[in-house]
Each structure stands twice: as structure tokens, then as C-alpha cells.
Amino acid sequence: MKYFIETYGCQMNVHDSERMAGLLESSGYEPAAGDADADLVVINTCSVREKAEEKLHSRLGHIKGMGRATGHFPVVAVAGCVAQQEGSRLLERSNVIDLVVGTQRLKMLPMLAAQARVQRQQDVSTATRALAAIVDVSTPYDEPSFPLGLARHADAVKAYVTIIEGCNDYCAFCVVPYTRGHERMRAKAEILADVRAAVESGRREVQLLGQIVNHYQAPDDPHCDFAGLLEAVNNVAGVQRIRFASPHPRHASARLIAAVRDLPAVCKHIHLPVQSGSTPVLQRMRRRHTREHYLDLVAKIRADIPNIQLSTDIIIGFPGESEAEYQETLSLVDAVRFSCIFSFKYSVRPNTLASKKMPDDVVADDKTRRIREIQLLQRRIQLELHEAMVGHRVEVLVDARSQRRDWEVSGRTTGNTVVNFPGHADWVGRFVEVAIRRAGPYSLWGEVV
Ligand code: 5AD
């Protein structure tokens with residue numbers, strides 16, 4: 001039996017796919033190269049924006065087309081946030097889907113896939129199929145633990161480790177509390193065991209994941225907050241790099257800044273979502289931080305950690321965003337000089353406060369113009385930041401060979417900048433020193449010294 005998993009969305013989803021892969025392999029499945037040789041296809045979906053959600057339906061169309069053309073009909077499972085959000089509606093909409101597994105029931109996947117094979121012979125109603133795997137995320141449920149060492153890390157260098165599941169923040173635009181449920185902390189002992197298992201399997205870098213990762217408080221150690229956890233992970237022998245995503249500016253304490261500064265394994269990069277540069281927009285978003293608070297925080301971080309790189313997420317065209325409010329986001333991007341930004345046009349998400357109370361009233365053309373302008377500004381800033389690195393030497397953890405040139409590899413600096421240089425595939429996982437020769441807006445080129 002072979003499985004194929006396709007993943008959309010965030011690191012949390014990528015990691016859930018690694019967990020599902022581990023579960024399937026421990027129940028006897030082997031990886032397939034694609035749909036054509038898979039007995040089971042899992043589509044791990046994202047619903048953070050409408051565009052991501054649409055991908056599922058084009059993917060299902062593709063599988064249907066393959067079935068018609070070749071007579072090969074793999075069992076199809078839909079997992080992830082769209083699965084959780086839509087539940088049985090998915091089965092009504094598409095007859096290609098055999099099973100839907102919610103975000104809180106991953107562990108049931110092998111059992112559900114076995115049932116689905118039996119159902120292929122019988123005729124089980126849509127309703128019974130759906131209800132097997134969706135739990136109501138609005139009620140307290142489940143503990144966030146996962147069998148140790150079972151996740152099948154997709155990356156040779158980096159291991160994701162979940163520290164918090166779900167979120168209680170209810171930002172007005174965000175679907176996550178409705179798809180991943182309320183916030184649950186994993187035990188520190190369990191996190192550290194996962195980290196040790198990752199190191200033993202050869203991973204150099206650990207990436208700690210949580211919706212609001214710096215809200216962490218260990219349920220099994222009253223003295224361990226997120227800064228304490230970073231220290232504990234830093235002290236695990238063999239951990240060479242630690243990254244984390246994503247912190248909320250509201251919980252960015254002096255202790256956290258000191259931990260990033262002082263712990264040698266913690267990378268000098270913080271992804272700190274701001275969402276908007278306008279305080280009134282942030283208020284409407286229910287973000288609970290202001291423009292001034294964010295800029296103060298940036299100044300404190302920069303004063304404490306001179307070589308830090310900061311990146312962010314931005315939503316353009318949130319309901320009611322005026323031209324003047326948008327200009328505040330533009331000016332914040334100009335002032336902070338992020339090493340990277342992820343910018344998104346606002347998209348209405350089911351169940352959210354904004355979808356109920358705030359009309360999506362920024363016209364499409366304005367959203368497009370604003371996002372283009374922000375991206376153009378950011379491109380210029382990145383090019384300037386990168387050009388300033390030409391002639392310098394940086395330490396790079398090699399994480400991939402080039403897709404296009406077989407003599408080239410790439411890796412990242414501690415600040416998360418991508419560097420390309422001539423090298424061998426077997427360098428992946430090694431630290432090398434690279435002299436930077438050339439800069440582009442999205443990456444650097446150099447030579448090993
Ligand atoms: N519309 C547009 N962007 C969104 N994001 C989250 N929800 C929405 C939405 N409804 C963005 C935020 C978040 C990132 C992961 O996706 O910027 O930080």
C-alpha cells in the first residue's frame with residue numbers, strides 16, 4: 001500500500017503532514033511518487049485565505065480526471081483546516097472524497113483509510129462517513145500530545161516541533177480558532193523528547209511551532225515560559241539552530257529578547273507579524289497592540305540585538321482600511337526595514353468576527369494597487385539590505401541542493417537570508433562560511449571560503 005500527501009498552507013500543516021506520514025508508515029504504508037501510484041491520496045488543506053481553499057477543489061478535479069483517463073481511483077482523504085471547517089459538506093460537494101479527517105483527529109487517519117476501503121465495496125451514506133473524524137473544536141477536547149518520534153521529518157536538516165496547538169486570540173480576520181480550536185500547551189518534557197529524537201535522527205535545526213508561540217507556558221513546569229523553553233531546547237546536546245513561529249508582539253517580553261540575544265543556538269531572526277501599521281485598523285482587527293507599541297518593540301529588539309533580522313506578515317485592505325490608514329502601513333514598512341514581508345489581500349473567512357460585522361469594503365483595485373506598492377517598496381529595501389552584505393562573510397547552514405544547477409547548493413544565514421553558492425549535494429546539513437559576491441532582492445550569491 002502506498003500513500004501520497006499533498007500539503008497546502010503553514011508550517012503547522014507541513015508538520016501535520018509529517019505526522020500523518022509517520023502514522024501511515026507505522027501502519028504499513030510506503031511513500032508513493034504521486035497520485036498515479038498511490039493507493040491513498042491525502043490532501044492537507046489550508047483555509048487561512050480563500051485562495052488556499054480553492055486549491056482543494058482544483059486538486060479534486062485533477063484526481064477525478066486521472067480516474068476517468070486511467071481507471072486508477074485512489075482512496076482520497078481530505079485533512080487540515082478546510083476539512084475541519086467544512087466537514088460533511090465536502091462529501092456532499094465531491095464524490096471523489098472518501099474521508100474527511102479534522103485537525104484534531106489525525107491519529108484516526110490509518111483506521112479511517114482502512115474503513116474507506118471497505119466502504120468502497122459497500123454503500124455507506126455520506127453522513128456516517130463524515131462524522132467519524134470531525135470533532136467540534138469549540139468544546140474542550142483532546143490533549144495535544146503525539147506519539148514520540150513518529151513524525152516522518154520531510155526535511156533532512158530541519159525538524160518542526162509543535163509546542164502549542166490552537167489559539168484563543170480571535171483576531172477579527174483569522175479562521176484559526178475555528179479550525180484548530182482553543183489553545184493547548186504541550187508538556188515541556190514531551191517537547192524536549194521530540195527535540196532529542198530530532199537531533200538523534202540527524203536534524204541540526206529545530207523550529208518550534210505555535211499559533212502564538214511566545215504565549216507558551218509549560219503545563220508540567222510552572223517556572224517555564226517561552227524564554228525558559230528556548231533555554232531548555234538550547235541546552236539539548238546537538239541542537240545547533242533554533243527558530244520559532246510565530247510570536248505575537250503583545251507577548252514579546254524582555255526575557256524573550258534576552259533569550260534570543262544570549263542563547264547561542266537561537267537564530268538572530270524574529271518573524272513578528274504586525275498585520276497593519278495603523279492603530280485604528282489594529283483595533284478593528286482585535287490585535288491588542290498598537291503601531292507605537294510595535295515600533296517601540298522593534299527599537300528595543302534592535303538596541304539589544306544589533307545583528308537581528310525582522311520579518312513580518314501584513315494584511316492589505318482589511319474592512320474600512322482608508323487610504324491614510326494604508327499609508328501608515330507603508331510608512332511602517334519603510335521605517336522598520338524588514339528582511340522579508342509576507343503580504344496578503346484581506347479575504348473574508350467563515351465564522352470570523354470580521355465576516356459577521358465588517359463588510360469587505362475596500363475595492364479590489366485598491367487592494368491590488370496597495371499590495372503592489374508595498375511589495376515594490378519592500379523589494380527595494382531587501383535589495384539595499386542584501387547589497388550591504390556583498391564583500392562580507394556569513395555562516396550558512398546548507399539545507400538544499402539547487403533544483404536547476406547540479407553544482408550549486410543553498411542555505412540560510414542565522415538571519416534567515418537565502419545564500420546560493422557552488423557546492424556538493426553531500427554538504428547538506430553542514431555549516432560553511434561563505435563570502436558574499438552578489439546580491440539580488442530575494443537571495444545572495446557567494447563562494448565558500
Ligand atoms: N485575509 C488575509 N490574510 C490573512 N491572514 C490571516 N487571515 C487572513 C485573512 N482573512 C494572514 C495574516 C497571518 C498570515 C498567516 O495570513 O497576515 O499572519
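Values in this document were obtained by computation on a predicted structure and should not be read as measured data.

Visitor: How would you summarise the overall build of the protein if you had to cite specific residues and measurements?
Guide: Looking only at helices and strands, the protein features 15 helices and 18 strands. Compactness check: the protein gives a C-alpha radius of gyration of 23 Å against a globular reference of 22 Å for 449 residues, within 12% of the reference. When the backbone C-alpha atoms are referred to their principal axes, the protein occupies close to 65 × 55 × 50 Å. Residue pairs at least 24 apart in sequence account for 73% of intrachain contacts in the protein once pairs closer than 6 positions are excluded. For the protein, the exposed area adds up to about 19500 Å²; of that, 51% sits on carbon and sulfur atoms. Of the charged side chains in the protein, 56 are positive and 54 negative, and the gap between their average positions amounts to 2 Å.

Visitor: Kindly report on the environment of Gln375, identifying the contributing residues and their values.
Guide: Note on placement: Gln375 falls in helix α15 (residues 364-387). Here Ser343 takes part through its side chain, which lies 2.8 Å from a polar atom of the side chain of Gln375.

Visitor: So, the packing of aromatic side chains: which residues are in play, and what are the values?
Guide: Counting across every chain of the model gives 5 aromatic pairs. Here Phe173 and Phe318 contribute two aromatic rings whose centre-to-centre distance is 6.4 Å and whose plane-to-plane angle is 85 degrees, an arrangement assigned as edge-to-face. Of this pair, Phe173 sits in the loop between β7 (164-165) and α7 (176-180) while Phe318 sits in the loop between β12 (309-316) and α13 (323-336), and the two are 145 residues apart along the sequence. With a centroid separation of 5.3 Å and 75 degrees between ring planes, the pair formed by Phe318 and Tyr346 is classed as edge-to-face. Remark: Tyr346 occurs in the loop between β13 (340-345) and α14 (353-357) and Phe318 occurs in the loop between β12 and α13; sequence separation between them is 28 residues. Taken together through their ring pairs, the aromatic side chains of Phe173, Phe318 and Tyr346 make up a single cluster. In this structure, Arg19 is placed above the aromatic ring of Phe146, and the distance from its NZ or CZ to the ring centre is 4.6 Å. The lysine or arginine in question, Arg438, covers the ring of Trp445, its NZ or CZ lying 4.3 Å from the ring centre.

Visitor: Explain the domain arrangement of the protein to me, using residue names and the numbers behind them.
Guide: Each domain of the protein was delimited in the assignment, giving domain 1 (2-133), domain 2 (158-387) and domain 3 (393-448). Each of domain 1 and domain 3 was reduced to a C-alpha centroid, and the two centroids are 36 Å apart.

Visitor: An account of the packing of helix α8 (residues 188-200) against helix α9 (residues 226-234) is requested, with residue identities and associated values reported.
Guide: It is the contact of α8 with α9, at a shortest axis distance of 10 Å, that shows an interaxial angle of 35 degrees. In the packing of α8 onto α9, the handedness of the crossing is right-handed. On α9, the residues touching Lys188, Ile191, Leu192 and Val195 of α8 are Leu229, Ala232 and Val233. For the contact of α8 with α9, a count of residues per class yields 6 nonpolar, no polar and 1 charged.

Visitor: Now, about the site of the ligand: what can you tell me, with residues and values included?
Guide: Every residue near the ligand is listed here: Val48, Arg49, Phe173, Gln275, Asp313, Ile315, Phe344, Lys345, Tyr346, Ser347 and Arg349. Between the ligand and the protein, one listed contact pairs an oxygen atom with a side-chain N or O atom of Arg49 at 2.8 Å. Protein burial of the ligand: of its 410 Å² of free accessible surface, 87% is covered by the chains. At the level of secondary structure, the elements contributing two or more residues to the shell around the ligand comprise β12 and β13. Here the shell around the ligand is built from residues that sort into 5 nonpolar, 2 polar and 4 charged.

Visitor: Talk me through the pairing of strand β15 (residues 408-412); I want residue IDs and the actual numbers.
Guide: With 4 of its 5 residues buried, β15 lies for the most part within the structure. With 4 bridges joining them, strand β14 (residues 393-401) and β15 adopt antiparallel strand pairing. Note that in β15 the partner of Leu397 across the bridge is Arg412. Following β14, the chain reverses through 6 residues before pairing antiparallel with β15. Following β15, the chain reverses through 5 residues before pairing antiparallel with strand β16 (residues 418-422); Asn416 in that reversal takes a positive phi of roughly 80 degrees.

Visitor: Quick one: what's the story with the sheet that holds strand β17 (residues 431-439), residue by residue and with numbers?
Guide: Where strands meet in a sheet, backbone hydrogen bonds hold them as pairs that are either parallel or antiparallel. With mixed pairing, the 5 strands of this closed barrel are ordered in space as β14-β15-β16-β18-β17. Pairwise comparison of adjacent strand axes, ignoring direction, gives a mean angle of 55 degrees for this sheet.

Visitor: Tell me about the state of the cysteines, residues and numbers included.
Guide: Tallied over the full model, the rule gives 0 disulfides. Of the cysteine sulfurs around Cys340, a residue in no disulfide, the closest is that of Cys267, at 15 Å. Classification of Cys340 as partly exposed rests on a relative accessible area of 26%.

Visitor: Break down the pattern of salt bridges for me, with residues and values.
Guide: A complete count under the given rule lists 30 salt bridges for this structure. As a salt-bridge pair, Arg288 and Asp169 come within 3.3 Å of each other at their nearest N and O atoms. Taken together, the residues span a long stretch of sequence, with Arg288 in the loop between α11 (279-284) and α12 (291-304) and Asp169 in the loop between β7 and α7 at a distance of 119 residues. Given the relative accessible area of 10%, Asp169 is considered buried. A salt bridge links Asp225 to Arg255, with the shortest nitrogen-to-oxygen separation between them at 2.9 Å. Here Asp225, found in the loop between β9 (205-209) and α9, pairs with Arg255, found in helix α10 (residues 254-262); they are 30 residues apart in sequence, far enough to count as distant. Residue classification places Asp225 among the partly exposed positions, given a relative accessible area of 22%.

Cut-offs used in this document
Residues numbered from 1 in each chain as written. Predicted model: local features only at pLDDT ≥ 70, side-chain atom pairs only at ≥ 80, totals over all residues. Heavy atoms only, no water. Helix = DSSP H or I, 4+ residues; strand = E, 2+ residues; numbered from the N terminus. Rg over C-alpha atoms; globule rule 2.2 N^0.38 Å. Contact = heavy atoms within 4.5 Å. Areas by Shrake-Rupley, 256 points an atom, 1.4 Å probe, with all protein chains shown as cover. Lys, Arg positive; Asp, Glu negative; His and termini not counted. Charge placed at Lys NZ, Arg CZ, Asp CG, Glu CD. Polar contact = N/O pair within 3.5 Å; in protein donor to acceptor, adjacent residues only side chain to side chain. Phe/Tyr/Trp six-rings, centres within 6.5 Å; stacked < 30°, edge-to-face > 60°. Lys NZ or Arg CZ within 6 Å of the ring centre and 35° of its normal. Domains from an automatic or database assignment. Axes fitted to C-alpha atoms, helices over the stretch in contact; angles between N-to-C directions. Left-handed = near helix turned anticlockwise from the far one by under 90°. Nonpolar A, V, L, I, M, F, W, Y, C, P; charged D, E, K, R; others polar. Near = heavy atom within 4 Å. Buried < 20%, exposed > 50% of the residue type's maximum accessible area, 1.4 Å probe, protein only. Pairing = 2+ DSSP bridges. Disulfide = S-S within 2.5 Å. Salt bridge = Lys/Arg side-chain N within 4 Å of Asp/Glu carboxyl O.

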